[in-house]
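Architecture and fold: a report
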Amino acid sequence: MKTSHDDAIAGFLGLVVGSCGGFLLWRLGLASSLAGPLFGGLFGMLFGLLLRHRASGPGTGLTWGVGLSFLFWLALPAGIVPVLTGSMPSMGMLDAARSHFPQLIGCVLCFGVPLGLSLGLWNTVRLEPNMSSMYLGRRIFGGGLAGIWAGWILEKWMGQVGFLPQVSQMVEVRANLVGWLLYIAFASVIGAIFGLLFQKEVRSYGSGLGWGAGYGILWWFLGPLTLLRWRSGQPLDWSAAYATSQFGLLVGHVLFGALLGLLYAVINRICVWFLTQTDPIRREPEGLGANTLRALGRGAVASLAGGLVFSVVMVEVGFLPTVANLVGGTSPWLGFAVHVAISTLIGMTYGILFRNEAPNFGSGIAWGLVYGLVWWFLGPLTLLPALLGGPVTWTTKAAHLFLPSLVGHLLYGAVTAVVFLLLERYHGRWLRMDPRLLARELSRRRPFGTAAPALWLFVLGVGVLLPIMLG
Amino acid sequence: MHGLSRNLKLRACIGSTAGLIGSVLLVSTFRNLPLALALAVAVGTFYGLVYRPAPRAYLESLMTGATLGVPLWTCLSVVALPVIAGSGPQWTADAMRILFPQLVGWVLFGSALGLLAQSGNDAALRWMEPLPVTEDVLQKNPHKILIVGGGFAGMTAAENLEQVFGPDPTVSFTLVSEGNAMLFTPMLAEVAGGSLEPSHISAPLRTSLRRTAVVRGRVVKLDLERRCVLLEADHLESDSPTHARDEIFYDELVLALGAVSNYLGLEGVRTTAFDFKTLLDAIRIRNHVIDLFERAEREADPVRRRQMLTFVIAGGGFAGVEIAGALNDFARGILVDYPRIELDDLQIVLVHSRNRILPELSETLGRYALDQLRDRGVTFELEARVVDAQPGKVMLTSKEIATETLIWTAGTAPHPLLKELPFRLERKGAVLVDATLQVKGQSDIWALGDCASVINAETGQTCPPTAQFALREARTLARNLHAKQKGRSLTAFHFNSLGALCVLGHQTACAEIVVPYANRVLRFSGPFAWMLWRGIYLSKLPGLERKVRVLVDWSVELFFPRDIVQTIDLK
């Protein structure tokens, strides 16, 4: 009885929030007065019923919301609807996607975000009414600190793409200092919100990085494309053309988010070490150092495989001499050596960041792809020009130039993840001989039923789609 | 196997069907309809085989499938298909824009594939028999391999068996040992000399072995008829319900019993001398020396004091020379803390039956060792034997020495348990094994290490009872056990010694290193040999943690004096 009562509430909540979202879309001119609220309400009701058990918190709900809304947009406005209305000859045409770009932002901000947050909040109030203030305080403090830190690290590059003046325009003051202060303030607030929302999702450094990247993309939709324009008195413009002009900030937001997530995971772990009493009974049987060394070793071995696959792409596009420039040379062989060294280091970090994140190969590949995508934003678009002495190239032109590298990074991530998982699984066969160790391993590994699949789709889908679509 | 193949066929069927149905979303974005259909079915089949979703995880499968659409588009539409068609990868911006519809198609196909495959799996779970899942958990009646003896040979045999068999659930390993740790004997003298902490040179068997069951106990009988070993009861009550634990059954038995001290029939020596084989022996020696120094500090009678501070070591082989050097350094090093004791009161005496020490090394190095130790104050009684020992004195062939300390390193013998077994033994009591390390006349019993007489297949000579031979014997034995299990032919044991190292005390040692394939022997002495000794044995010490601890101990020793804390009272 209680279950059907909760189902009804969830469905009703989704119906109301979805209808409101659809109404907002109509007001923004992105849907008709009937279709907007109607489809919004239907989508919301379905959302509420399907995710009643899964949206266990606002962060989880938000992740499912943005993932499902992206899939909804891909399936309908960008996919099937243009074919049905006869405006496009087949599904998935680029022009249809571009012309419906505003609907992408609309779906995410008007459906995905409010539905996910509201359902998640409702579940939190229902299931965890007495969350301790210290626990909340740790989230806010950790997130705020991580936000400030990430903002400070990226400040120079964000300044290069003109973000600080845009921020200072929000208070109608054109002073650099004001812009900087506001930027840091926003970074800390955004960070604190991250901590509040995603504490449960961030099981390790890798998932922190992944969730951060998705969070960064969301804030690009919300910030530069929406709030900044609205606050500076300009009409909302969610068109593909305007999004193209803000592409640099997309890169900045992805990197900010990834860094924020990673730093938050680190700060959170430090807080746990210092503030939580460790139980000696749960001491690692193999030693903390042994596990870390093993992860580094597996990551290095796995990255050799990924790096070799990536090097085929680099040879094909003739990129190795550019890589050799990093150490002052021009020879392709030197470039290959540098590339292998870099990929080994990145692979080692993959081992540390993503161990125990993948319960199966599909999950492993997905995490590897997310990692590869983040490195595409960080590597060719950011670090490579910076290390060669120039400004960062956060432009659609640079993104188009480095699209082959995007393919390479995705392949690198997937292959590294698969090989890493194979090595992890092989060691795991030893552990399965002892049920106690098996139980411990299973408790550490990310379980099924988290919002990770929604995150993967949102980050990969938007992260791969936008560089192709925009410009 | 039958269940497993049915499982795979069913999953492939579910995947291919899901792919076929989902292909509706893909074909509209491909110009080539048959290609799109084929790809959809192939991807669906692969997905079904590789990806096993949890029950009723529809949303997760929907999203995971959609996510996998991105790499599918990247790998197939952008790279593989154009390369096969001869036009090269389509990864420029313009080419990717042209392929954009296929990106949408693959993502939507992936989501449909995930959803449909999930439905198919759930339907199969509901309406058919549960699909068998392979288990790596140890099977109920595995092939039991039992190793008796937790020393170098036994533990290395267990490690190598774990390596060659891997996590094979059809075989189980059990190691029976009197102690719960493997002692790294080359560093034992350093424990007696106070340079190293006792536990740092022992590797706990339970944490060193991954899947070998460790049983601490003393073997009292081997019952070859019933194929079991009997352990000494570890409980006081005779009718204890744990009686079953005192018998351990085996399918293959590995004897690594090691050697015990051989007192050559001298009862007085057996009751008064200190052994130098175990960690407890080294701890007792160190504490006994400290105890004597404490008593000597209060002793007014110089004769009595000299008796207390005279230490006799019987045996001029590796063990005897190393303990003599370590003891000499320790005793002379702590003199400064005992102001009433004179240097002349202290005497370290090494008794050896031949005219030179270290017969295992060359004459040059043996003489070097003798000269070095003599220069450092060690006294030698060469061509002399201990004929008896009583509390307060040791009788040699030619003289008597007043002493309260006799350390016996003059002889070893194989474990006495072997005498009770119907095996052929060689002259000194070691069990005879064939070239593959199987006990002669027994197909399921193996032996290695100090308790076995192992013939080097290449040279035809008996292998010396040293650690380096024990390690290689263990490796060959493990491979042979694995080969026997798999029905392959066994390998004969052969190994050429890599050399020998002997530490003489503070920053000096002797070393003989054999250069492989060059038939040359390099000899070193002095500080370089000492660094070689430390480096090689540090690398051989089992476990990274133990290496770090020993390294820290050696580093602390550089800056601080020897520890003279008496940790046990021997009264």
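Our subject is the structure listed above.
Note that the structure is a prediction, hence the values are computed from the model and not measured.

Turning our attention to the overall build of chain A. Across its full length, chain A carries 19 helices and zero strands. Among the 471 residues that make up chain A, the fraction classed as buried is 56%. A sequence separation of at least 24 residues applies to 78% of the contacts in chain A between residues at least 6 apart.

For the rest of this paragraph, the subject is the overall build of chain B. Helix and strand counts for chain B stand at 17 helices and 25 strands. In terms of overall dimensions, chain B is more spread out than a globule: its C-alpha atoms have a radius of gyration of 34 Å, far above the 25 Å expected for 571 residues. Principal-axis analysis of the C-alpha atoms gives chain B an extent of 105 × 60 × 50 Å. Taken over 571 residues, chain B has a buried fraction of 52%. Of the contacts formed within chain B by residues at least 6 apart in sequence, a portion of 68% connects residues at least 24 apart. In the structure as shown, chain B presents an accessible area of about 26600 Å², 55% of it carried by carbon and sulfur atoms. Side chains of chain B carry 58 positive and 58 negative charges; the gap between the two charge centres is 7 Å.

Below, the discussion takes up the sheet that holds strand 17 (residues 400-402) of chain B. All names here are of chain B. Taken in spatial order, the three strands line up as 15-16-17 in an open sheet, and their pairing is antiparallel. In this open sheet, the two edge strands, each paired with only one partner strand, are strand 15 (386-390) and strand 17. Here the strands of the sheet are splayed against their neighbours by 15 degrees on average, with no regard to which way each runs. Bridge analysis of strand 15 against strand 16 (residues 393-396) gives four bridges, and the strand direction is antiparallel. If you follow Val-386 over to strand 16, its bridge partner there is Leu-396.

The next thing to look at is the interface of chain A and chain B. Across the boundary between the two partners, chain A contributes 53 residues, which contact 49 residues of chain B. Taken together, the two surfaces of chain A and chain B that pack against each other cover about 4300 Å², and 78% of this comes from carbon and sulfur. One can count four residue pairs in polar contact (both at pLDDT 80 or more) joining chain A with chain B. Among the elements of the structure, helix 3 (58-84), helix 4 (94-99), helix 12 (288-317), helix 15 (361-387), helix 17 (403-431) and helix 19 (452-469) of chain A are those that each provide at least two residues to the side of chain A that touches chain B. Partitioned by chemical class, the residues of the side of chain A that touches chain B number 37 nonpolar, eleven polar and five charged.

Here the focus is the packing of aromatic side chains. A full pass over the atoms with the stated rule returns 36 aromatic pairs over all chains. With centroids separated by 5.1 Å and ring planes inclined at 50 degrees, the aromatic side chains of B:Tyr47 and B:Tyr51 adopt a geometry described as tilted. Summarising the burial analysis for this pair, B:Tyr47 and B:Tyr51 share the class buried. Of the aromatic side chains, those joined through ring pairs into one cluster are A:Trp211, A:Tyr350, A:Phe354, A:Trp367, A:Tyr371, A:Trp375, A:Phe420 and A:Trp456. The positively charged end of A:Arg27 is found above the aromatic ring belonging to A:Trp26, 5.9 Å away from the centroid.

All right, on to the sheet that holds strand 12 (residues 310-314) of chain B then. All names here are of chain B. The parallel open sheet is built from five strands, whose spatial order is 11-18-12-13-14. Taken across any chain shown, the strands that pair with only one partner, and hence form the sheet edges, are strand 11 (274-275) and strand 14 (378-381). Across four bridges, the pairing between strand 13 (residues 347-351) and strand 14 is parallel. Looking across to strand 14, one finds that Val-349 is bridged to Thr-379. Set on the sheet, helix 13 (residues 318-334) makes contact with strand 12, strand 13, strand 14 and strand 18 (405-408); between it and strand 13 the angle comes to about 175 degrees.

It is worth spelling out the side chain of B:Asn121 at this point. Residue and element names in this part refer to chain B. If you trace the backbone, Asn-121 turns up in helix 6 (residues 100-127). Asn-121 sits in the buried class, given a relative accessible area of 14%. Discounting chain neighbours no more than four positions away, the residues touching Asn-121 are Arg-11, Ile-14 and Pro-53.

Counting through the fold element by element, A:Ser343 comes out in helix 14 (residues 332-354). Put simply, A:Ser343 and A:Leu304 are 39 residues apart on the chain and 7.1 Å apart in space, counted from C-alpha to C-alpha.

It is worth spelling out a nonpolar patch on the surface at this point. All names here are of chain A. A contiguous nonpolar patch, built from Phe-12, Leu-15, Val-16, Leu-34, Leu-38, Phe-39, Leu-42, Met-45 and Leu-49 and spanning about 840 Å² of accessible area, is present on the exposed surface. For the nonpolar patch, the secondary-structure elements that each account for two or more residues are helix 1 (2-27) and helix 2 (35-50). Among the elements that make up the nonpolar patch, the one with the highest residue count is helix 2 (five residues). Within the secondary structure, Val-16 sits in helix 1.

Once that is clear, we can look at unusual backbone geometry. Residue and element names in this part refer to chain B. Even without being glycine, Leu-437 reaches a positive phi, approximately 80 degrees. Structurally, the position occupied by Leu-437 is in the loop between strand 20 (431-432) and strand 21 (445-447). Of the residues examined, Leu-437 reaches a relative accessible area of 0% and is grouped as buried.

Residues and elements named next belong to chain B. Of the pairings in the sheet, the one linking strand 23 (residues 499-505) to strand 24 (residues 508-515) comprises six bridges and is antiparallel in character. When the bridges of strand 24 are listed, Val-503 appears paired with Ala-509. Here strand 24 runs beside strand 25 (residues 520-526); their pairing, made up of seven bridges, is antiparallel. Within the sheet, the bridge partner assigned to Ala-509 lies in strand 25 and is Gly-526. In textbook terms, the turn of a hairpin is the stretch between consecutive antiparallel strands, and for strand 24 and strand 25 this stretch comprises four residues, one of which, Tyr-517, has a positive phi near 70 degrees.

Let us now look at the state of the cysteines. Two cysteines, two sulfur atoms, one covalent bond between them: this is a disulfide. Going through the model one piece at a time under the given rule, you end up with zero disulfides over all chains. With no disulfide of its own, A:Cys20 has A:Cys110 as its nearest cysteine by sulfur position, at a separation of 11 Å. With a relative accessible area of 47%, A:Cys20 lands in the partly exposed category. Residue B:Cys463 stays outside any disulfide, its sulfur separated by 13 Å from that of B:Cys451, the closest cysteine. Note on B:Cys463: relative accessible area 9%, which makes it buried.

Burial analysis of strand 23 of chain B places seven of its seven residues in the buried class, which makes it a mostly covered element. From the end of strand 23 of chain B to the start of strand 24 of chain B, which pair antiparallel, there are two residues, and B:Gln507 there has a positive phi angle of about 55 degrees.

Moving on, we come to the packing of helix 9 (residues 205-231) of chain A against helix 15 of chain A. Residues and elements named next belong to chain A. It is at 10 Å that the axes of helix 9 and helix 15 come closest, and there the two elements cross at 60 degrees. Judged by the twist between their axes, the crossing of helix 9 over helix 15 is left-handed. Judged by residue contacts, Gly-206, Ser-207, Leu-209, Gly-210, Trp-211 and Ala-213 of helix 9 engage Trp-367, Val-370, Tyr-371 and Val-374 from helix 15. Residue composition of the contact of helix 9 with helix 15, by class: seven nonpolar, three polar and no charged.

Further remarks concern empty space enclosed by the protein. Residue and element names in this part refer to chain A. Applying the stated rule across the entire model yields six cavities of 30 Å³ or more. Looking at the second largest cavity, its volume works out to about 70 Å³. A total of four residues in the lining of the second largest cavity trace back to one element, the largest contributor, which is helix 9. When its residues are assigned to classes, the lining of the second largest cavity shows eight nonpolar, two polar and no charged.

This paragraph deals with the pattern of salt bridges. Once their charged atoms are close, side chains differing in charge can pair, the charge on each being opposite to the other. One pass over the full model with this rule turns up 24 salt bridges over all chains. The closest approach of N and O atoms between B:Arg227 and B:Asp444, which form a salt bridge, is 2.3 Å. With B:Arg227 in the loop between strand 6 (219-223) and strand 7 (228-231) and B:Asp444 in the loop between strand 20 and strand 21, this residue pair connects regions lying 217 residues apart in the sequence. Owing to a relative accessible area of 30%, B:Arg227 belongs among the partly exposed residues under this scheme. Classification of B:Asp444 by relative accessible area gives buried; the value is 11%. Taking the shortest distance from any N to any O, the salt bridge between B:Arg549 and B:Glu545 comes out at 2.6 Å. Placement of both B:Arg549 and B:Glu545 in helix 17 (residues 544-559) is noted, with a separation of four residues, approximately one turn of the helix. Its relative accessible area of 37% is what places B:Arg549 among the partly exposed residues. Members of the salt-bridge network, linked through shared partners, are A:Asp6, A:Asp7, A:Arg52 and A:Arg126.

Counting 165 residues, the largest nonpolar core has A:Trp73, A:Phe101, A:Trp220 and A:Phe221 as the members making the most contacts within it. The contact partners of A:Trp220, leaving out residues within four places of it in the chain, are A:Phe101, A:Leu225, A:Ala243, A:Gln246, A:Leu249, A:Leu250, A:His253, A:Leu466 and A:Leu470. Ranked by size, the runner-up nonpolar core spans 120 residues in total, among them B:Val148, B:Leu309, B:Val431 and B:Val439.

With that settled, the discussion passes to helix 2 of chain A. For an α-helix the count is 3.6 residues per turn, leaving residues at separations of three or four pointing the same way. Between its first and last C-alpha atoms helix 2 of chain A spans 22 Å; for 16 residues at 1.5 Å apiece the expected length is 22 Å, and the two agree. The complete set of buried residues in helix 2 of chain A reads A:Gly36, A:Pro37, A:Gly40, A:Gly41, A:Phe43, A:Gly44, A:Phe47 and A:Gly48.

Now for the environment of B:Ala192. Residues and elements named next belong to chain B. Tracing the backbone shows Ala-192 in helix 8 (residues 188-192). For the pair Ala-192 and Glu-159, spaced 33 residues apart in the sequence, the C-alpha separation amounts to 28 Å. The contact partners of Ala-192, leaving out residues within four places of it in the chain, are Phe-276, Ala-282, Ile-285, Arg-286, Ile-323 and Phe-330.

Reading the values: the criteria
- Residues numbered from 1 in each chain as written.
- Chains lettered and ligands numbered in written order.
- Predicted model: local features only at pLDDT ≥ 70, side-chain atom pairs only at ≥ 80, totals over all residues.
- Heavy atoms only, no water.
- Helix = DSSP H or I, 4+ residues; strand = E, 2+ residues; numbered from the N terminus.
- Buried < 20%, exposed > 50% of the residue type's maximum accessible area, 1.4 Å probe, protein only.
- Contact = heavy atoms within 4.5 Å.
- Rg over C-alpha atoms; globule rule 2.2 N^0.38 Å.
- Areas by Shrake-Rupley, 256 points an atom, 1.4 Å probe, with all protein chains shown as cover.
- Lys, Arg positive; Asp, Glu negative; His and termini not counted.
- Charge placed at Lys NZ, Arg CZ, Asp CG, Glu CD.
- Pairing = 2+ DSSP bridges.
- Axes fitted to C-alpha atoms, helices over the stretch in contact; angles between N-to-C directions.
- Buried area = accessible area lost by both parts, 1.4 Å probe.
- Polar contact = N/O pair within 3.5 Å; in protein donor to acceptor, adjacent residues only side chain to side chain.
- Nonpolar A, V, L, I, M, F, W, Y, C, P; charged D, E, K, R; others polar.
- Phe/Tyr/Trp six-rings, centres within 6.5 Å; stacked < 30°, edge-to-face > 60°.
- Lys NZ or Arg CZ within 6 Å of the ring centre and 35° of its normal.
- Patch = residues over 30% accessible without salt bridge, like charges linked within 9 Å, V, L, I, M, F, W, Y side chains within 5 Å.
- Salt bridge = Lys/Arg side-chain N within 4 Å of Asp/Glu carboxyl O.
- Disulfide = S-S within 2.5 Å.
- Left-handed = near helix turned anticlockwise from the far one by under 90°.
- 1 Å grid on protein atoms, 1.4 Å probe; cavity = no way out; pocket = protein on both sides within 12 Å on 5 of 7 lines; lining within 4 Å.
- Points joined across faces, edges and corners; volume = space filled by probe spheres on them.
- Core = buried A, V, L, I, M, F, W, Y, C linked by side-chain atoms within 4.5 Å.
- Expected span 1.5 Å × (residues − 1).

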